[in-house]
Amino acid sequence: MAFWDNLRPRREAQFESGNSATSSIVLSRRHSTISLTKQGALTGNLRVNLSWQMRTSDIMGRSRRSGRLLRPLSLFKPDVVQAHTQGMVNVDLDLGCMYELKDGTKGVVQPLGNLIGDLNAPPYIRLSGDDRFGAPSGETLYVNLDQRDQIKRLLFFVYIYDQTPAFDRTHAKVTLYPGNGPRIEIELDEHAPEARSCAVFTVDNVKGDLIVRREVKFVYGFQSELDRLYGFGMQWGRGYKTRT
């Protein structure tokens, strides 16, 4: 084998895997689907976590950047900080899930409207809480895979809640933690600076096989627009959060 062959990416790889030490699978445009069934992840709870960061260079304005003119190489190394760090602009990304059960029941689990769901009764999906400050633990939804036969399809989505920066400055990532097998990562890395919502991934029950498909489709509206895009056919109204 020639030396140059070692420098070429391996075409036979089914997924873009992350660091081998992290035991993770990255779903990308090119490799967008994975079967939870084939991973052996059919029992227990599927944990879906949303996390995000922002760069200080995105929010500190030109005054911060002007100080770097004396060190031009530092322009390419912006400091990464958590979204709840002091001095950070308000960021509130929310994680939600639209669902359709086998009996035809449809609905949504999300922080808006305090629709937190239920893990042991329909819809077998529950929100852990509403993270409004980008804490390291992020925001998490749980799906009871012991009740997978009751689930027809799921759409996991992220939306920006009221007066927050655009997606292209949040560096958001959604991570799936099955009960068995490696975690699955999906980065919201498409360039859509004016978008307000993003369909991140779907889970479809295809003859008992749970298929995860990366979507990462940004829209300029909110849940109702995502609904129209994926054909859930629900009625939507304006919702609010309780004050902290």
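Refer to the preceding data block for the structure.
Not measured: the values here are computed from a predicted model.

Chemist: Hey, could you run me through the overall build of the protein chain in this one?
Modeler: Counting secondary structure elements, the protein chain contains three helices and 16 strands. Counting across all 244 residues of the protein chain, residues that qualify as buried make up 45%. The long-range share in the protein chain, meaning contacts at least 24 apart out of those at least 6 apart in sequence, stands at 67%. Put simply, the protein chain shows about 13,700 Å² of open surface, and 48% of that area lies on carbon and sulfur atoms.

Chemist: Looking at this structure, how should I read the pattern of salt bridges?
Modeler: It is possible for side chains bearing opposite charge to pair when their charged atoms get close. Taken as a whole, this structure holds five salt bridges when the rule is applied. Lys 152 is the partner of Glu 100 in a salt bridge, and the nearest nitrogen-oxygen pair spans 3.5 Å. Residue Glu 100 is located in strand S7 (residues 93-101), and its partner Lys 152 is located in strand S12 (residues 151-160); the two are separated by 52 residues in the primary sequence. Classification of Glu 100 as buried rests on a relative accessible area of 10%.

Chemist: Would you mind showing me how to read the packing of aromatic side chains here?
Modeler: Each aromatic ring pair is specified by the distance between its two centres and by the angle formed by the two planes. Per the counting criterion, the structure on display carries two aromatic pairs. Sitting above the plane of the Phe 232 ring, Arg 153 keeps its charged end 3.8 Å from the centroid.

Chemist: Mind showing me how you'd approach unusual backbone geometry here?
Modeler: Comment: phi is negative for the bulk of residues other than glycine, and the bulk of peptide bonds are trans. Cis geometry is adopted by the peptide bond preceding Pro 123, which originates at Pro 122 and carries an omega value of 15 degrees. Among the structural elements, Pro 123 can be located in the loop between strand S9 (117-118) and strand S10 (125-127).

Chemist: What is the right way to look at the sheet that holds strand S16 (residues 209-219) in this model?
Modeler: Here we have six strands laid out as an open sheet, ordered S3-S16-S15-S12-S7-S8, and antiparallel in their pairing. Looking at which strands have only one partner, the edges of the open sheet turn out to be strand S3 (33-35) and strand S8 (106-109). Geometrically, the sheet is characterised by an average inter-axis angle of 20 degrees between neighbouring strands, direction not taken into account. When S7 meets S12, the two strands line up antiparallel, connected through nine bridges. Residue Tyr 99 lies in a different strand from S12, and its bridge partner there is Leu 154. Packing against the sheet, helix H3 (residues 223-230) makes contact with S7, S12, strand S15 (197-206) and S16, and its axis sits at approximately 125 degrees to S16.

Chemist: Looking at this structure, how should I read the pairing of strand S13 (residues 173-177)?
Modeler: Each regular strand shows side chains that alternate between the opposite faces of the sheet. Of the pairings in the sheet, the one linking strand S4 (residues 45-51) to S13 comprises five bridges and is antiparallel in character. By the bridge assignment for S13, Ser 51 is matched with Lys 173. Two strands pair when backbone bridges link them, and S13 and strand S14 (residues 183-187) are joined in this way by four bridges, in the antiparallel orientation. By the bridge assignment, Val 174 is partnered in S14 with Ile 186.

Chemist: I tried to follow the pairing of S4 on my own but got confused; where do I start?
Modeler: Bridging between S4 and strand S11 (residues 139-144) involves six bridges; their strand directions are antiparallel. Bridge assignment links Leu 50 to a residue of S11, and that residue is Glu 139.

Here is what the cut-offs are and how they apply
Residues numbered from 1 in each chain as written. Predicted model: local features only at pLDDT ≥ 70, side-chain atom pairs only at ≥ 80, totals over all residues. Heavy atoms only, no water. Helix = DSSP H or I, 4+ residues; strand = E, 2+ residues; numbered from the N terminus. Buried < 20%, exposed > 50% of the residue type's maximum accessible area, 1.4 Å probe, protein only. Contact = heavy atoms within 4.5 Å. Areas by Shrake-Rupley, 256 points an atom, 1.4 Å probe, with all protein chains shown as cover. Salt bridge = Lys/Arg side-chain N within 4 Å of Asp/Glu carboxyl O. Phe/Tyr/Trp six-rings, centres within 6.5 Å; stacked < 30°, edge-to-face > 60°. Lys NZ or Arg CZ within 6 Å of the ring centre and 35° of its normal. Pairing = 2+ DSSP bridges. Axes fitted to C-alpha atoms, helices over the stretch in contact; angles between N-to-C directions.

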